[in-house]
Amino acid sequence: MSQSLECGGSEQIPGIDVQWSRKYHTTNKLSTTKDSPQPVEEKVGAFTKIIEAMGFTGPLKYSKWKIKIAALRMYTSCVEKTDFEEFFLRCQMPDTFNSWFLITLLHVWMCLVRMKQEGRSGKYMCRIIVHFMWEDVEQRGRVMGVNSYILKKNMILMTNNFYAAILGYDEGILSDDHGLAAALWRTFFNQKCEDPRQLELLVEYVRKQMQYLDSMNGEDLLLTGEVSWRPLVEKNPQSILKPHSPTYNDEGL
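Conventions and cut-offs
- Residues numbered from 1 in each chain as written.
- Predicted model: local features only at pLDDT ≥ 70, side-chain atom pairs only at ≥ 80, totals over all residues.
- Heavy atoms only, no water.
- Helix = DSSP H or I, 4+ residues; strand = E, 2+ residues; numbered from the N terminus.
- Buried < 20%, exposed > 50% of the residue type's maximum accessible area, 1.4 Å probe, protein only.
- Contact = heavy atoms within 4.5 Å.
- Areas by Shrake-Rupley, 256 points an atom, 1.4 Å probe, with all protein chains shown as cover.
- Salt bridge = Lys/Arg side-chain N within 4 Å of Asp/Glu carboxyl O.
- Disulfide = S-S within 2.5 Å.
- Core = buried A, V, L, I, M, F, W, Y, C linked by side-chain atoms within 4.5 Å.
- Polar contact = N/O pair within 3.5 Å; in protein donor to acceptor, adjacent residues only side chain to side chain.
- Axes fitted to C-alpha atoms, helices over the stretch in contact; angles between N-to-C directions.
- Parallel < 35°, antiparallel > 145°, perpendicular 65-115°, else oblique.
- Left-handed = near helix turned anticlockwise from the far one by under 90°.
- Phe/Tyr/Trp six-rings, centres within 6.5 Å; stacked < 30°, edge-to-face > 60°.

Please set out the overall build of the protein chain residue by residue, giving values where relevant.
Helix and strand counts for the protein chain stand at 9 helices and 0 strands. Helices (α) and strands (β) of the protein chain occur, in sequence order from the N terminus, as α-α-α-α-α-α-α-α-α. Out of the 253 residues in the protein chain, the part that is buried amounts to 51%. Restricting the contact set of the protein chain to residue pairs at least 6 apart, pairs at least 24 apart contribute 76%. When the accessible surface of the protein chain is totalled, it reaches about 13100 Å², and 53% of it is carbon and sulfur.

What follows is the structure in C-alpha cells.
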C-alpha cells in the first residue's frame, strides 16, 4: 500500500455539494433502509435524561465493557474481513492509504446504520466504533512514518470529511438508487467515476449488504460484534442469505 496519507489532490475525500446527472442501471429488487423496521424509541427515566443531556452516558442494557469489546470486534471486521484488493481492482482505485480509508469508511458507516437501530446501547456502540477507527487510522499513519505535524493536520481534515461522508451516505441510503449512487460518486469515487457499471456495482453492494446486516439479530450484534461481509461480486446478489447465529458465553464473549 502506498504511503500517501495526504487527503488533498486527486485523492481527497470530497464534500457533498456536487449534483449527479449520470444514467445507470438500478437495483430496485433489493430492499432499502426505508423498508427495514425502524427502531422503537427507548423509554428512559428523568435522571438518565439529565445526565445524558450533560454529555454522560446513562445506564445501558448491557455493561459498557461488553459493548466496547463488541465494538472493537465490529470495527475489526471492517478492516480484516473486507477484500480490499477486490475493491481496488473492480473500482479501479489506487492502492493507497486514502483508498483504504474510503473502503473502511463505507463499511464502518454500514455498521453505524445498523447499530443505530438498537436503541441507546447501539448508539453508544456507534461512538466506540468510530473511536477505534480513529485510533487505528492514527496508528497506521505512525507506522508508515508520517510526520506528526502532517499526521495531525490530515487527521483533522479526514475527520471533517468523515462526517460529511456520513451525512451524504445517510441521505443516499434513505433515497432511491439515484440518491445512493450520487453519494457514492461524490465520496467513494471522488467524483471521478466514468464507468456507470462501477456505480451500479457499489449501489448493489451497499443495498445487499444493508439487507444482510438488517437480517442479523440485534442482541447478537451488541454482545459479539461479529459481522461478515458478502462478496463484492456474486452470481446472485439479490439472494437473501441467512446469517449464522454466533456463539458466546454468559459474559457475551
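Describe in detail the environment of Lys208, supporting the description with residues and values.
Relative to the elements of secondary structure, Lys208 occurs in helix H8 (residues 196–214). Using a relative accessible area of 1% as the deciding quantity, one classes Lys208 as buried. For the pair Lys208 and Leu232, spaced 24 residues apart in the sequence, the C-alpha separation amounts to 9.8 Å.

I'd like a rundown of unusual backbone geometry, residues and numbers included.
Phi is positive for Asn190, which is not a glycine, with a value near 55 degrees. Positioned with a positive phi, Gln191 is a non-glycine residue whose angle comes to about 60 degrees. Taking the relative accessible area as the measure of exposure, Gln191 reaches 29% and is therefore partly exposed.

Outline the pattern of salt bridges, supporting the account with residue identities and numerical values.
Tallying each qualifying case throughout the model produces 9 salt bridges. Salt-bridge contacts for Lys81 lead to Glu226; the nearest nitrogen and oxygen are separated by 3.4 Å. Of this pair, Lys81 sits in the loop between helix H2 (64–80) and helix H3 (84–90) while Glu226 is found in the segment after helix H9 (218–224), placing the two residues 145 residues apart along the sequence. According to the relative accessible area criterion, Glu226 is partly exposed, its value standing at 39%. Between Arg140 and Asp136 there is a salt bridge, with its nearest N and O atoms 2.9 Å apart. Here Arg140 and its partner Asp136 are both found in helix H5 (residues 119–143), 4 residues apart, which amounts to about one turn of the helix. A cluster of three or more residues bridged by salt bridges with shared partners is formed by Lys208, Arg230 and Glu234.

Can you lay out the state of the cysteines for me, pointing to particular residues and giving the numbers?
Enumeration according to the criterion identifies 0 disulfides in this entry. No disulfide involves Cys111; its sulfur sits 3.7 Å from that of Cys78, the nearest cysteine. The exposure class assigned to Cys111 is buried, which follows from its relative accessible area of 1%.

Explain the nonpolar core to me, and be specific about the residues and the numbers.
Core analysis: the largest hydrophobic core is formed by 71 residues, its most contacted members being Leu184 and Phe188. Mapped by element, the contributors of at least two residues to this core are H2, H3, helix H4 (97–115), H5, helix H6 (148–173), helix H7 (177–187), H8 and H9. With 14 residues, H4 is the single largest residue contributor to this core. Apart from residues no more than four positions distant in its own chain, Phe188 is found in contact with Phe87, Cys91, Met93, Leu102, Ile103, Leu106, Tyr169, Ala183 and Leu202.

Can you lay out the environment of Ser175 for me, pointing to particular residues and giving the numbers?
Here Ser175 lies in the loop between H6 and H7. Residue Ser175 is classed as partly exposed on the basis of its relative accessible area, which comes to 25%. Only 3.3 Å separates the side chain of Ser175 from the side chain of Asp176, close enough to count as a polar contact.

Explain the packing of H6 against H7 to me, using residue names and the numbers behind them.
Look at H6 against H7: their axes get within 7 Å of each other, and the N-to-C directions meet at 160 degrees. Here H6 is positioned roughly antiparallel relative to H7, judged by the angle of their axes. H7 is crossed by H6, and the crossing has left-handed handedness. For the pair H6 and H7, the contacting residues are Ala165, Gly168, Tyr169, Gly172 and Ile173 in the first and Gly179, Leu180, Ala183, Leu184 and Thr187 in the second.

Would you mind going over the packing of aromatic side chains in detail, with residue names and values included?
Summed over all chains, the structure comprises 9 aromatic pairs. Where Phe84 meets Trp100, the ring centres are 6.5 Å apart and the plane angle is 25 degrees; that geometry is what we call stacked. You can see Phe84 sitting in helix H3 and its partner Trp100 sitting in helix H4, a full 16 residues away along the chain. When its relative accessible area of 11% is taken as the criterion, Phe84 is described as buried. An aromatic cluster of at least three residues, connected via ring pairs, comprises Phe87, Phe188, Phe189 and Tyr205.

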